[in-house]
Amino acid sequence: MVEELIIGLLFVAALAYLGGRAWKSLFRKKAGCDKGCGCTTDVKSPSANKSGRLPV
């Protein structure tokens, strides 16, 4: 009986974790690039040259 309760609680915790991750990925604010790093696209990098490419 106790083992079933522990397994049930772990299952509910896993569902809550996955549900929270799904909720955040579906309803997050779409700002910046598609990588999800939180950067903004309207800020120019100081190391980029006029062509927009980074120096090698």
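Just so we're clear, the structure is a prediction, and the values are computed from it rather than from any experiment.

## Section: the overall build of the protein chain
Along the backbone of the protein chain there are 1 helix and 0 strands. When each of the 56 residues of the protein chain is scored for burial, the buried share is 0%. When the accessible area of the protein chain is evaluated, it comes to approximately 5800 Å², of which 66% is carbon and sulfur surface.

## A short note on a nonpolar patch on the surface
Judged by side-chain polarity, Val-2, Ile-6 and Leu-10 come together as a nonpolar surface patch covering roughly 300 Å² of accessible area. Following the sequence through the fold, Leu-10 ends up in helix H1 (residues 2-26). Of the residues examined, Leu-10 reaches a relative accessible area of 58% and is grouped as exposed.

## As for the packing of aromatic side chains
Considering all chains together, one arrives at 1 aromatic pair under this definition. Both rings, one in Trp-23 and one in Phe-27, keep their centres 4.4 Å apart while their planes meet at 45 degrees; by these two values the pair is tilted. Neither Trp-23 nor Phe-27 differs from the other in exposure class; each is exposed.

## Digging into H1
In this model, H1 (25 residues) spans 36 Å end to end at C-alpha, consistent with the 36 Å of a helix rising 1.5 Å per residue. Burial within H1 is sparse, with just 0 of its 25 residues counted as buried.

Definitions and limits used
- Residues numbered from 1 in each chain as written.
- Predicted model: local features only at pLDDT ≥ 70, side-chain atom pairs only at ≥ 80, totals over all residues.
- Heavy atoms only, no water.
- Helix = DSSP H or I, 4+ residues; strand = E, 2+ residues; numbered from the N terminus.
- Buried < 20%, exposed > 50% of the residue type's maximum accessible area, 1.4 Å probe, protein only.
- Areas by Shrake-Rupley, 256 points an atom, 1.4 Å probe, with all protein chains shown as cover.
- Patch = residues over 30% accessible without salt bridge, like charges linked within 9 Å, V, L, I, M, F, W, Y side chains within 5 Å.
- Salt bridge = Lys/Arg side-chain N within 4 Å of Asp/Glu carboxyl O.
- Phe/Tyr/Trp six-rings, centres within 6.5 Å; stacked < 30°, edge-to-face > 60°.
- Expected span 1.5 Å × (residues − 1).

These results come straight from atomic positions and should not be treated as a statement about function.
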